[in-house]
Structures are given as structure tokens and as C-alpha cells.
Amino acid sequence: MLLQRISIRNFRNFEDETVDFPERGAALIGDNGQGKTNLLEAIYYLEIFRSFRGARDEQLVTFGCGHFRVEAHLSAGAGGEEVEVAAGYAREGRRKKVTVDGREPDRVGEAIGQVGAIVFTASDVEIVAGGPGARRRFLDIILSLVEPGYLAALQRYRQILSQRNGLLRDDASPAELAAWNAGLVDAGSRLAEARARWVGSRQASFARYYSAISGGREAEMEYAPSIPAPGGVGPVVSRERWAEAFHVEIERVTAKERRRGLTLVGPHRDDLRFWVGAGPEAMQLRTFGSAGQQRSAAVALRLVEAETLRAARGRLPIVMLDDVLAEFDPQRAGRVVELFTAEEWGQVFVTSPKPSEFAFMGDSLAEYRVVSGTVRPV
Ligand SMILES: Nc1ncnc2c1ncn2[C@@H]1O[C@H](COP(=O)(O)OP(=O)(O)OP(=O)(O)O)[C@@H](O)[C@H]1O
Ligand SMILES: [Mg+2]
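The model shown is predicted, which means the values in this text are computed figures rather than measured ones.

(A) A look at the side chain of Arg295. Inspection of the secondary structure puts Arg295 in helix 9 (residues 291-313). Overall, the relative accessible area of 13% leaves Arg295 in the buried class. The contacts of Arg295, once residues within four sequence positions are left out, are Ala122, Val125, Glu327 and Phe328.

(B) The arrangement of unusual backbone geometry in detail. At Asp101, a residue that is not glycine, the phi angle is positive and equals roughly 50°. Looking at Asp101, the relative accessible area reads 37%, which means it is partly exposed.

(C) Spotlight on the packing of aromatic side chains. Applying the stated criterion across every chain yields a total of 15 aromatic pairs. Ring centres 6.2 Å apart and planes at 55° place the aromatic pair Tyr223 and Trp242 in the tilted group. Note that Tyr223 is positioned in strand 8 (residues 219-224) and Trp242 in helix 7 (residues 239-260), a separation of 19 residues in sequence. Both residues of the pair, Tyr223 and Trp242, belong to the buried class. One aromatic cluster in this structure is built from Phe11, Tyr45, Phe49, Phe68 and Tyr89. The residue whose ring lies beneath Arg208 is Tyr209, and the NZ or CZ to ring-centre distance is 5.0 Å. A cation over an aromatic ring shows up here: Arg310 above the ring of Trp345, its NZ or CZ 4.8 Å from the ring centre.

(D) Structural context of the pattern of salt bridges. Scanning the entire structure with this criterion turns up 25 salt bridges. Of the charged contacts in the structure, one is a salt bridge between Glu222 and Arg273, with a shortest N-O distance of 3.7 Å. Highlighted residues: Glu222 in strand 8 and Arg273 in strand 9 (residues 271-276), separated in sequence by 51 residues. Residues joined by salt bridges that share partners form a network here, namely Asp140, Arg158, Arg195 and Asp270.

(E) Structural view of the domain arrangement of the protein chain. Split into domains, the protein chain comes out as domain 1 (1-116 + 315-378) and domain 2 (125-312). Between domain 1 and domain 2, the C-alpha centre-to-centre distance is 28 Å. At the junction of the two partners, domain 1 supplies 25 residues and domain 2 supplies 22 residues. In this structure, Arg310 and Glu343 form a salt bridge, with 3.2 Å as the shortest nitrogen-oxygen distance. In this assembly, domain 1 and domain 2 are joined by six residue pairs in polar contact (both at pLDDT 80 or more). Elements that contribute at least two residues to the side of domain 1 that touches domain 2 include exactly helix 1 (36-48) and helix 10 (330-342). With five residues, helix 10 is the single largest residue contributor to the side of domain 1 that touches domain 2. A breakdown of the residues in the side of domain 1 that touches domain 2 according to their chemical character gives 11 nonpolar, five polar and nine charged.

(F) Structural context of the sheet that holds strand 5 (residues 82-90). Pairing within the open sheet is antiparallel, and its five strands lie in the order 2-1-4-5-6. Lying at the two open borders of the sheet, with one neighbouring strand each, are strand 2 (14-20) and strand 6 (95-100). Direction aside, neighbouring strands of the sheet carry axes that sit 10° apart on average. One ladder, built from nine bridges, connects strand 4 (residues 67-75) with strand 5; its direction is antiparallel. Note that in strand 5 the partner of Ala72 across the bridge is Val85. Across the sheet, helix 1 touches strand 1 (2-11), strand 2, strand 4, strand 5 and strand 6, and the angle it forms with strand 1 is around 110°.

What counts and how
- Residues numbered from 1 in each chain as written.
- Chains lettered and ligands numbered in written order.
- Predicted model: local features only at pLDDT ≥ 70, side-chain atom pairs only at ≥ 80, totals over all residues.
- Heavy atoms only, no water.
- Helix = DSSP H or I, 4+ residues; strand = E, 2+ residues; numbered from the N terminus.
- Buried < 20%, exposed > 50% of the residue type's maximum accessible area, 1.4 Å probe, protein only.
- Contact = heavy atoms within 4.5 Å.
- Phe/Tyr/Trp six-rings, centres within 6.5 Å; stacked < 30°, edge-to-face > 60°.
- Lys NZ or Arg CZ within 6 Å of the ring centre and 35° of its normal.
- Salt bridge = Lys/Arg side-chain N within 4 Å of Asp/Glu carboxyl O.
- Domains from an automatic or database assignment.
- Polar contact = N/O pair within 3.5 Å; in protein donor to acceptor, adjacent residues only side chain to side chain.
- Nonpolar A, V, L, I, M, F, W, Y, C, P; charged D, E, K, R; others polar.
- Pairing = 2+ DSSP bridges.
- Axes fitted to C-alpha atoms, helices over the stretch in contact; angles between N-to-C directions.

Laid out in C-alpha cells, this is it:
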């Protein structure tokens, strides 16, 4: 889809702003702290109805205001399908309302993915270098966007997990606990199966992108499930096998769980591992990678995400690049630019404090200046 127009009210430092964008996209130029990232955050909010920076909804409301609203007009190109996506949030009662063409879906989750966008930011490096929570969040977002039933299973899993943890803390009887195990295993095995299948099917792409960015270096992405993988990790393992394995493992650790008052096994403890090098020389990027290697892996991972969206949707994603080149050495920066240029995108938004950086895809992009929460074509 193409973002033709966005209206933003009381979101971060945007008071009341409506901007029209051309089909190719825009280069967003502005000094630090003017609202460039906030604008991308508003656009991506309409994709997943959450902040891509991990901020809570109440942090997105302009200081001193009660609610925000973001509204976009998207189209599939001249004469193509059109859609209006809107989201509002009120501090009072923490109410979130989402509409697609004016209609409110039964669940917010049904409306995700309408924009079809990817954001590359300098903080993506956290996915590779940070704690496992960031990697699970990455998996959950992409799989919620492309895998039917994933988000529902995730919500169910979280709910059962919190109930079960409550029971473990309250010293509930084994029978009471067992009553929740079936649900946990059912929802959890769906998550594990989908995660394993996604990683298995995208490993080669990850390695290819990493190699392209790093000038021929090898890298690997590996699913590290909390449930002992039945018969090795791969796209071939069925959900039933994951369920069996999950069940066996729960039985094995239940006594320990009762002592600790916590569910110790399941997708909430999964991880995704990134390696560089090959064979015995391979090292884990999270612990041993240089900042540049970690950044390269993060960019490769986002490119894999874009590929996943293209394949699932059959249309080109909108790409947003927020300061991604900033910390690369000139060779790597050059290769990243080449890669981005070679990929197919629906529309491109790039931010930078300096107009000069837009040699990068931006030659043909219309320039917009962002100044304290306003956006104007140059
Ligand atoms: N809830 C909020 N209400 C009002 N202003 C906010 C809110 N949250 C953040 N801001 C303001 O938004 C500004 C930061 O905007 P943003 O992160 O988009 O900057 P930027 O243009 O991307 O800058 P940089 O080039 O440094 O990345 C800050 O001035 C901050 O005070
Ligand atoms: Mg910024």
C-alpha cells in the first residue's frame, strides 16, 4: 500500500498535523528532537497499534493532553483499492479504538498489518545485542502479521501463563495445575511450531543478507526453543510433536516449578541466536560480536522481515529508515545502500538530520522538513 495522507493529533510532539506524501515516499529532514522518529512511530502505530520503540500508549499522548489520534489514507496505487486506518487512545480508562474504513473490528488484532510497513532503526541492534525479550518480541510481531492464528494463540498463551504462575505462587494442588497444562501446551506448541518453521525457512535469507552487508562473511540465525526440540529444530516438526515434547518437559519440571512459583518451560523462555563465522570458529554475536557486526545482523534481520511480508502479502512493503546508516563504516554503509536499492519497496521514508545523507535512495525522494512537530514539503 501507499501512504497518501496521515493526520496526527496529540501524538508525541505532534499537535495537529496532516501531511500528504507522494507515491515514491519522502526524505524527512530535521534537527535532533524535532519529531522525525515520532512521525515514523505514528505511521507504524497503524500497522501494529503499538509503538515500535516499545513505548506504552500513555507515553505517546502529548504531554498534558488526554488522548491521541492517528489516521491514514492508504491506497494500492492509481485506481487501486483504498483504505482508511485510524487509531485513537484515551488516557482515561486506557481506551484504545481502532477502525478500518470506519468499522471497529471485534479485536484490535484483526486490524493489524493494513499498512504493510517495515521500520529500520539504529535501535534494532538491541534485537541482536539485547536480552531475549527483544528477540521474542521481534518473532511475535512478524508472526502475528503473517501467520493466521498466531496472535490469538499468543494472547491465549500469555493469559494461561499468568493464571498458571498465580496458581504456582499460591501453592495450588497438582490437579488444579494440571487443568491449565492442556491449554498451555496447546497454545504454546502453536507458537513454538510457527517460530521454528519461520526461522527454518528464513535462515538462508538471513545468511545471504548478512554476507552481502559484511562483504562475504558467514552468519547464522538459529531458533533456541525452551521446549527441547523434538527431533532437531526444523520446519518439518509438526505441532503435535511440539505439544508432546512440551507436555513431557512440563511433567519433568513441575516439582521445581512448584518450589520456584513460576512456569519454567515454554515459548515465553525462547530465544533466537545469531552466529558469525563457521564451524568451530563460530561465535555468538550477542556476546562476542562487534557493534558493526551486530548492526549488520540487525539490518539483515529486518531485510528478512521485509521478504517475509512481501511473500505473505504479495505486495511491496512501505520501508522506513530511521538513521540506519549512522554507525556503519563506509564500506558497510555502501553495501547497505546497495542492498536497499536492489530490493523492491512500495514507498520509502528516510530520516536524517543532514540533507546530504540522502544520496541514499533519496535522490529521487521529495524532501520534507520536520520542525517541532510540523512537517512541510521543502
Ligand atoms: N508524549 C510526548 N509529548 C510531547 N512531546 C514528546 C512526547 N514524547 C516525546 N516528545 C518529544 O519529541 C521529541 C523527540 O522527537 P523524535 O524522537 O521524533 O526526534 P527526532 O527528530 O527523531 O530526533 P533525532 O534526530 O535526535 O533522532 C523530543 O523533543 C521530545 O521531548
Ligand atoms: Mg530520531
